[in-house]
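Listed below, chain by chain, are the residues.
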Amino acid sequence: MSADSEKGLSVVNVDKNYADVKALVNVSLKVREGEFFTLLGPSGCGKTTLLRIVAGLELPDSGQVILGGEDITSLPATKRQVNTVFQSYALFPHLSIFENVAFGLRSRKFPQNEVQTRVDRRLEMLGLEEMSSRFPHQLSGGQQQRVALARALVNEPEVLLLDEPMSALDARLRAQVQVELRRLQRKLGQTFILVTHDQAEALVVSDRIAVMSDGKIIQFGTPKEVYEQPQTRFVAEFLGAANLIAGRKGAGGIDTEMGFINLTATPEWNQGTVAIRPERIRIAEGQPEKNGIKAKVTEAIYRGTNVDLWLEPGPLRVRTPAQRDFEVDDEVWLELPEEGLVILDE
Ligand code: ATP
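Just so it is clear, the structure is predicted and the values come from calculations on it, not from any experiment.

## Focus on the sheet that holds strand β11 (residues 243-250)
One key point about sheets: their strands pair by backbone hydrogen bonds, in either a parallel or an antiparallel sense. A sheet is described by the order of its strands in space; here five strands give the open sequence β13-β12-β11-β14-β20, paired in antiparallel fashion. A strand with exactly one partner marks an edge of an open sheet, and here the two such strands are β13 (259-262) and β20 (342-343).

## Let's talk about the packing of aromatic side chains
With the rule as written, the count across this model stands at four aromatic pairs. Judged by centre distance (6.4 Å) and plane angle (50 degrees), the ring pair of Phe37 and Phe220 falls under tilted. You can see Phe37 sitting in strand β3 (residues 36-40) and its partner Phe220 sitting in strand β10 (residues 216-221), a full 183 residues away along the chain. Given the relative accessible area of 0%, Phe37 is considered buried. Take Phe220: its relative accessible area is 37%, and that puts it in the partly exposed class. One residue, Arg277, lies across the ring of Tyr227, its end atom 4.1 Å from the ring centre.

## Re the site of the ligand
Surveying the vicinity of the ligand reveals the residues Tyr18, Val21, Ala23, Pro42, Ser43, Gly44, Cys45, Gly46, Lys47, Thr48, Thr49 and Glu164. At 2.7 Å, a side-chain N or O of Lys47 approaches an oxygen atom of the ligand. When the free accessible area of the ligand is taken as 630 Å², the share hidden by the protein chains comes to 57%. Only β2 (21-31) and α2 (47-55) provide two or more residues apiece to the shell around the ligand. Residue contributions to the shell around the ligand peak at three residues, all from α2. Considering only residue class, the shell around the ligand consists of five nonpolar, five polar and two charged.

## Regarding the domain arrangement of the chain
Domain boundaries in the chain define domain 1 (9-233) and domain 2 (241-343). For domain 1 and domain 2, the distance between their C-alpha centroids amounts to 39 Å. With six residues of domain 1 at the interface, the matching set in domain 2 holds six residues. In this assembly, domain 1 packs against domain 2 so that about 600 Å² is buried in total across both faces, 45% of it on carbon and sulfur atoms. On the domain 1 side of the contact with domain 2, Tyr227, Pro230 and Arg233 bury the most area, a combined 75% of that side's loss. Remark: the boundary between domain 1 and domain 2 carries one salt bridge. Residues Glu228 and Arg280 are paired through a salt bridge, measuring 3.7 Å at the closest nitrogen-oxygen approach. Between domain 1 and domain 2 we count three residue pairs in polar contact (both at pLDDT 80 or more) in total. In terms of residues, the side of domain 1 that touches domain 2 owes the most to one element, helix α8 (residues 223-228), which gives three residues. In terms of residue class, the side of domain 1 that touches domain 2 is made up of three nonpolar, one polar and two charged.

## Side note on the pairing of strand β12 (residues 253-256)
Where β11 and β12 come together, three bridges link them in antiparallel fashion. Paired with Lys249 across the two strands is Ile254, which belongs to β12. What sits between β11 and β12 in their antiparallel hairpin is a turn of two residues, with Gly252 showing a positive phi close to 80 degrees. Bridging between β12 and β13 involves four bridges; their strand directions are antiparallel. For Thr256, the partnering residue across the bridge sits in β13 and is Gly259. Here β12 hands over to β13 after two residues, the two strands then running antiparallel side by side.

## What about a negative patch on the surface?
There is a patch of like negative charges on the surface, built from Glu33, Glu70, Asp71 and Glu158. Here Glu70 lies in strand β5 (residues 70-71). Judged by relative accessible area, Glu70 falls into the partly exposed class, the value being 45%.

## Thoughts on unusual backbone geometry
Of note, the amide linkage connecting Glu312 to Pro313 takes the cis form, showing an omega dihedral of 5 degrees. Within the fold, Pro313 resides in the loop between β17 (306-312) and β18 (316-321). For the bond from Gly314 to Pro315, the omega torsion is 5 degrees, close enough to zero to count as cis. For Pro315, the location among the structural elements is in the loop between β17 and β18. We note that Asp214 has phi near 50 degrees; this positive angle belongs to a residue other than glycine. Mapped onto the secondary structure, Asp214 falls in the loop between β9 (208-213) and β10. According to the relative accessible area criterion, Asp214 is exposed, its value standing at 60%.

Here is what the cut-offs are and how they apply
- Residues numbered from 1 in each chain as written.
- Predicted model: local features only at pLDDT ≥ 70, side-chain atom pairs only at ≥ 80, totals over all residues.
- Heavy atoms only, no water.
- Pairing = 2+ DSSP bridges.
- Helix = DSSP H or I, 4+ residues; strand = E, 2+ residues; numbered from the N terminus.
- Phe/Tyr/Trp six-rings, centres within 6.5 Å; stacked < 30°, edge-to-face > 60°.
- Buried < 20%, exposed > 50% of the residue type's maximum accessible area, 1.4 Å probe, protein only.
- Lys NZ or Arg CZ within 6 Å of the ring centre and 35° of its normal.
- Near = heavy atom within 4 Å.
- Polar contact = N/O pair within 3.5 Å; in protein donor to acceptor, adjacent residues only side chain to side chain.
- Areas by Shrake-Rupley, 256 points an atom, 1.4 Å probe, with all protein chains shown as cover.
- Nonpolar A, V, L, I, M, F, W, Y, C, P; charged D, E, K, R; others polar.
- Domains from an automatic or database assignment.
- Contact = heavy atoms within 4.5 Å.
- Buried area = accessible area lost by both parts, 1.4 Å probe.
- Salt bridge = Lys/Arg side-chain N within 4 Å of Asp/Glu carboxyl O.
- Patch = residues over 30% accessible without salt bridge, like charges linked within 9 Å, V, L, I, M, F, W, Y side chains within 5 Å.
- Lys, Arg positive; Asp, Glu negative; His and termini not counted.
- Charge placed at Lys NZ, Arg CZ, Asp CG, Glu CD.

Okay, here's the thing in structure tokens:
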């Protein structure tokens, strides 16, 4: 093992069952030191279970958790260099913001001057210095969320675990906290592991994403990789809107119900699926030389910067800049550029 991988966090072949529910099936992953890593998946896919095992709040049935080269699988939560910010980030209502943040340091008997310096530093970093003598109920939801973060960060854990910490915030605030969280993690250079079912959130904050389904990790990658190069139907659809087109392998492409589609790479299957994101399909001026489909608009939704179109055959979904107006029943030529087409594994 290299020095770098020793510094990070590894989960090795972890299984976890609850009676006959297979919550985690042979899960392995490596989180690099200083990385913002996200576990993304639908409800019930096992992401919280995995986070709780890393936190030490749950024991795996088999497998290991390694932090900084040390096997911490059976180390109690309180002895781990790991802190968690939960979905319900309940602050102590009777304590000031300062004392909420200081709580962990006080219980570890840090001297007063050290408590003061560390808490001040975190409050300042999170833009909360003006609020230190207020009480939780005098803060907005977003500010309370930042206090919860400060409270976890003040302990300087090697790894910070975030269990859907933004799900209680409204959409606008959520978007703002996501960007702040990303910025903060960059500034601290600390390892963050986030659990979320929100694909947009995962794309915004992460260095790398592990996409989970049914207790397994299906794909790892940077936000761009998992969005643009999904390997399976599940990943293609979970990471955003995707057109899935079934076909049979032919020379230089695939035969589909919509016509022949040229592909740069050759599929390994004889019969399977290719995916293309709605924004990768072009509205062509006339019949394109390659990969053209004559289509009819069945629905057009104006979204400000874009128009979302549904078209037959398909239904195909296209997202295009809003400069041009579209009406239902308009006939258009679509072009499916080869570089936008992804061959799925199945
Ligand atoms: P959510 O986003 O809804 O929190 P999740 O992806 O975090 O979902 P987990 O909470 O890890 O999923 O649950 C994975 C599976 O294990 C689910 O089928 C769940 O019902 C089950 N499970 C989790 N905890 C327990 C438990 N303590 N006892 C029994 N079954 C459990």
